[in-house]
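# Observations on chain architecture
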Amino acid sequence: GNSVTQMEGPVTLSEEAFLTINCTYTATGYPSLFWYVQYPGEGLQLLLKATKADDKGSNKGFEATYRKETTSFHLEKGSVQVSDSAVYFCALSTDSSASKIIFGSGTRLSIRP
Amino acid sequence: GAVVSQHPSRVICKSGTSVKIECRSLDFQATTMFWYRQFPKQSLMLMATSNEGSKATYEQGVEKDKFLINHASLTLSTLTVTSAHPEDSSFYICSGTTRDIQYFGAGTRLSVL
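Residues numbered from 1 in each chain as written. Chains lettered and ligands numbered in written order. Predicted model: local features only at pLDDT ≥ 70, side-chain atom pairs only at ≥ 80, totals over all residues. Heavy atoms only, no water.

This next bit is on the interface of chain A and chain B. Facing 17 residues of chain A, the contacting portion of chain B comprises 18 residues. Summing the contributions of chain A and of chain B, the shared interface buries around 1300 Å²; its carbon and sulfur component is 56%. Taking the shortest distance from any N to any O, the salt bridge between K100 of chain A and E59 of chain B comes out at 3.1 Å. The interface formed by chain A and chain B includes four residue pairs in polar contact (both at pLDDT 80 or more). Of all elements in the fold, only strand 5 (32–38) and strand 11 (101–103) of chain A reach the threshold of two or more residues within the side of chain A that touches chain B. Its residues placed into classes, the side of chain A that touches chain B shows seven nonpolar, eight polar and two charged. (Contact = heavy atoms within 4.5 Å. Buried area = accessible area lost by both parts, 1.4 Å probe. Salt bridge = Lys/Arg side-chain N within 4 Å of Asp/Glu carboxyl O. Polar contact = N/O pair within 3.5 Å; in protein donor to acceptor, adjacent residues only side chain to side chain. Helix = DSSP H or I, 4+ residues; strand = E, 2+ residues; numbered from the N terminus. Nonpolar A, V, L, I, M, F, W, Y, C, P; charged D, E, K, R; others polar.)

Okay, structure coming up:
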């Protein structure tokens, strides 16, 4: 079946450090891939997405590239800030309306000033 | 982006009582809303798809008589956990879709004593 595996947290970094959160997936067909972020006390928000192989999603300095050959969608940011502290969820959807989303278990990121 | 409000954010109840959780789309109409459940350090698991004006569609393994869903209007869906037991303690999250993007509520933490 379809599934998403992401790096276990928590991840703690110093401000301005480079961030990578690994995500791999298993899916039939050609899924769309997403990263969601959940800030403390708020709902999940879509951070970025990619809908086909080699697409790069980007937003707020974060990037992730849809790698079909390695079935991966790793999240990266060159220089993290304290305000990036949150829980990050990798996810996929195999339907065009993104109504059925399969989530990874989430990775908690904490950034030290 | 669109806003989904979920209430209450936290509820503690005695075993055997019923608990209602509300999910409202504040600035868009949601023909379809989704209810998820999240156990500690695990993925969000889709419980059911709530359709305005019709019966909800439940995922395999989810008891429809246990988790009653009502979607009476385009901006409100409710989840009632009936005769709650300690094993129902969890984090419940709703979402609404507009323009093929899911917007999530902040979640409700249910603790059954």
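There's plenty left to go through after this.
All names here are of chain B. Summed over all chains, the structure comprises six salt bridges over all chains. One salt bridge connects K66 with D88, and the closest N-O pair in it is separated by 2.7 Å. Pair noted here: K66 is in the loop between strand 6 (57–58) and strand 7 (67–73) and D88 is in the loop between strand 8 (76–81) and strand 9 (90–98), with a separation of 22 residues, a long-range link. Per residue, the accessibility class of K66 equals that of D88, and both read buried. (Buried < 20%, exposed > 50% of the residue type's maximum accessible area, 1.4 Å probe, protein only.)

Let's shift gears to the state of the cysteines. All chains considered together, the criterion is met by two disulfides over all chains. Between the sulfur atoms of C23 of chain A and its disulfide partner C90 of chain A the distance amounts to 1.9 Å. Disulfide C23 of chain A-C90 of chain A: the torsion about the S-S bond is -70 degrees, which places it as left-handed. Placement of C23 of chain A in strand 4 (residues 23–26) and of C90 of chain A in strand 10 (residues 86–93) is noted, with a sequence separation of 67 residues between them. Take C23 of chain A and C90 of chain A: they sit in the same class, and that class is buried. The disulfide partner of C23 of chain B is C94 of chain B, and the S-S distance across this bridge is 2.0 Å. One disulfide, between C23 of chain B and C94 of chain B, carries an S-S torsion of 85 degrees and so falls in the right-handed class. Remark: C94 of chain B occurs in strand 9 and C23 of chain B occurs in strand 3 (residues 19–25); sequence separation between them is 71 residues. (Disulfide = S-S within 2.5 Å.)

Structurally, Q38 of chain B is set in strand 4 (residues 32–38). Ignoring anything within four residues of it in the chain, the contact list for Q38 of chain B reads F89 and S105 of chain A together with S43, L44, S90, F91 and I93 of chain B.

Residue and element names in this part refer to chain A. Summarising the element assignment, Q6 is placed in strand 1 (residues 3–6). Within the structure, Q6 has its side chain in polar contact with the backbone nitrogen of G106 (distance 3.2 Å). Among the polar contacts listed, one links the side chain of Q6 to the side chain of T107, at a separation of 2.9 Å. What Q6 contacts, discounting residues up to four positions off in sequence, is I21, N22, C23, W35, Y88, F89, C90, G104, S105, G106 and T107.

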